[in-house]
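One-letter residues, chain by chain:
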Amino acid sequence: GENVEQHPSTLSVQEGDSAVIKCTYSDSASNYFPWYKQELGKRPQLIIDIRSNVGEKKDQRIAVTLNKTAKHFSLHITETQPEDSAVYFCAAGSSNTGKLIFGQGTTLQVKP
Amino acid sequence: EAGVAQSPRYKIIEKRQSVAFWCNPISGHATLYWYQQILGQGPKLLIQFQNNGVVDDSQLPKDRFSAERLKGVDSTLKIQPAKLEDSAVYLCASSVPRQKRGAFFGQGTRLTVV
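Residues numbered from 1 in each chain as written. Chains lettered and ligands numbered in written order. Predicted model: local features only at pLDDT ≥ 70, side-chain atom pairs only at ≥ 80, totals over all residues. Heavy atoms only, no water.

We now examine the interface of chain A and chain B. Counting from both sides, the interface comprises 22 residues of chain A and, opposite them, 23 residues of chain B. With both sides pooled, the region where chain A packs onto chain B buries about 1800 Å², and carbon together with sulfur makes up 43% of that total. The largest per-residue losses of area from chain A upon contact with chain B belong to R43(A), K99(A) and F102(A), which jointly make up 28% of the total buried on that side. Taking the shortest distance from any N to any O, the salt bridge between K99(A) and D56(B) comes out at 2.7 Å. Here chain A and chain B share seven residue pairs in polar contact (both at pLDDT 80 or more) between them. Looking at the side of chain A that touches chain B, the elements that each hand over two or more residues are β4 (32-38), β5 (45-51) and β10 (100-102) of chain A. For the side of chain A that touches chain B, a count of residues per class yields seven nonpolar, nine polar and six charged. (Contact = heavy atoms within 4.5 Å. Buried area = accessible area lost by both parts, 1.4 Å probe. Salt bridge = Lys/Arg side-chain N within 4 Å of Asp/Glu carboxyl O. Polar contact = N/O pair within 3.5 Å; in protein donor to acceptor, adjacent residues only side chain to side chain. Helix = DSSP H or I, 4+ residues; strand = E, 2+ residues; numbered from the N terminus. Nonpolar A, V, L, I, M, F, W, Y, C, P; charged D, E, K, R; others polar.)

Residues with a pLDDT of 70 or more make up 99% of chain A, whose mean pLDDT is 94. Taken element by element, the predicted model of chain A shows its lowest mean pLDDT in β10(A) (91) and its highest in strand β3 (residues 19-25) of chain A (98). (pLDDT = per-residue confidence, 0-100.)

Regular strands place side chains that alternate from one sheet face to the opposite one. All names here are of chain B. Bridge count between strand β7 (residues 65-68) and strand β8 (residues 75-79): four bridges; the pairing is antiparallel. Note that in β8 the partner of S66 across the bridge is K78. A loop of six residues connects β7 with β8, the two strands running antiparallel in sequence, and G72 in this loop sits at a positive phi of about 75°. (Pairing = 2+ DSSP bridges.)

Moving on, we get to the pattern of salt bridges. Residues and elements named next belong to chain A. All chains considered together, the criterion is met by seven salt bridges over all chains. With its nearest N and O atoms 3.9 Å apart, the salt bridge here joins E39 to K42. Shared partners join several salt bridges into a network, and the residues in it are K37, E39 and K42.

Here we come to the environment of S66(B). Residue and element names in this part refer to chain B. Structurally, the position occupied by S66 is in strand β7. Judged by relative accessible area, which is 38%, S66 ranks as partly exposed. Other than its neighbours up to four places away in sequence, S66 contacts T76, L77 and K78. (Buried < 20%, exposed > 50% of the residue type's maximum accessible area, 1.4 Å probe, protein only.)

All right, on to the layout of surface pockets then. There is about 580 Å³ of room inside the largest pocket. Residue lining of the largest pocket: 31 residues in total, with Q38(A), G41(A), Q37(B), L39(B) and R110(B) positioned closest to the centre. Mapped by element, the contributors of at least two residues to the lining of the largest pocket are β9 (86-93) and β11 (106-111) of chain A together with β9 (88-95) and β11 (109-113) of chain B. For the lining of the largest pocket, the leading source of residues is β11(B), giving four residues. Residue composition of the lining of the largest pocket, grouped by class: twelve nonpolar, 15 polar and four charged. Of the voids in this model, the second largest pocket is the one considered here, and its volume is about 370 Å³. As for the second largest pocket, its lining consists of 22 residues, and the residues nearest its centre are I101(A), F102(A), P43(B), K44(B) and Q59(B). Contributing elements (two or more residues each) for the lining of the second largest pocket: β1 (4-7) and β10 of chain A together with β5 (44-50) of chain B. Here the lining of the second largest pocket is composed, by residue class, of eight nonpolar, nine polar and five charged. (1 Å grid on protein atoms, 1.4 Å probe; cavity = no way out; pocket = protein on both sides within 12 Å on 5 of 7 lines; lining within 4 Å. Points joined across faces, edges and corners; volume = space filled by probe spheres on them.)

Moving on: the packing of aromatic side chains. The geometry of an aromatic ring pair is captured by two quantities: the separation of the ring centres and the angle between the planes. Counted according to the given criterion, the structure contains twelve aromatic pairs over all chains. Geometrically, the ring pair formed by F33(A) and F73(A) is tilted, given 4.9 Å between the ring centres and 50° between the ring planes. Taken as a pair, F33(A) in strand β4 and F73(A) in strand β8 (residues 72-77) lie far apart in primary sequence, 40 residues in all. The same class applies to F33(A) as to F73(A), namely buried. Relative to Y90(B), the ring of F21(B) has its centre 5.0 Å away and its plane inclined at 25°; by these criteria the two rings are stacked. Taken together, the positions of F21(B) in strand β3 (residues 19-24) and Y90(B) in strand β9 put the pair 69 residues apart, joining distant regions of the chain. The pair F21(B) / Y90(B) is uniform in exposure class, with both members buried. Among the aromatic residues, those joined into a cluster by ring pairs are Y36(A), F102(A), Y33(B), Y35(B) and F105(B). (Phe/Tyr/Trp six-rings, centres within 6.5 Å; stacked < 30°, edge-to-face > 60°.)

Here you go:
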């Protein structure tokens, strides 16, 4: 069935360093790839997304890259800050149906 | 813009009891989702509605779970009877078709089955 694998499960970085989270997906029909940030006890919040007709997208300190051939996509956070600490989820799905399959999540800890 | 509203926020029930969760999506969002998030895992899609029709319920345990969205707006998710493994956060989300900005989540209902 459809599957999204996310790595690493935990990531600890020093403030100011970069963080990279990687995901692979199985359904080649997927054309929409959002990333969500979930702070403890709160709802997942969309932070950035990318569509299959684009290879890279950037928004201030965060960027996403997509390799459709290899079926993988990544989240890059530069100049990390303590408030970036949270669980990050990737997802893959269809912009037509709206169906999203989520990865297992990455717990990011940014140490001051 | 008001967000996705869910209630209750917390619920504790004994196994074999029944429970219902309510969701009110963002106004104008035709697509509504119910996700189950077990501690330490990503959200798992249970059911997706487009207006009042079911688009995908392939992961819904239909022997005990049911959901409806009768008027194409609010939705309820019911579990009857509950099992210990149903303990999780139940998240409701909504989006517009052919979403331009993804799905927006509610705060969730944390269910504990004892």
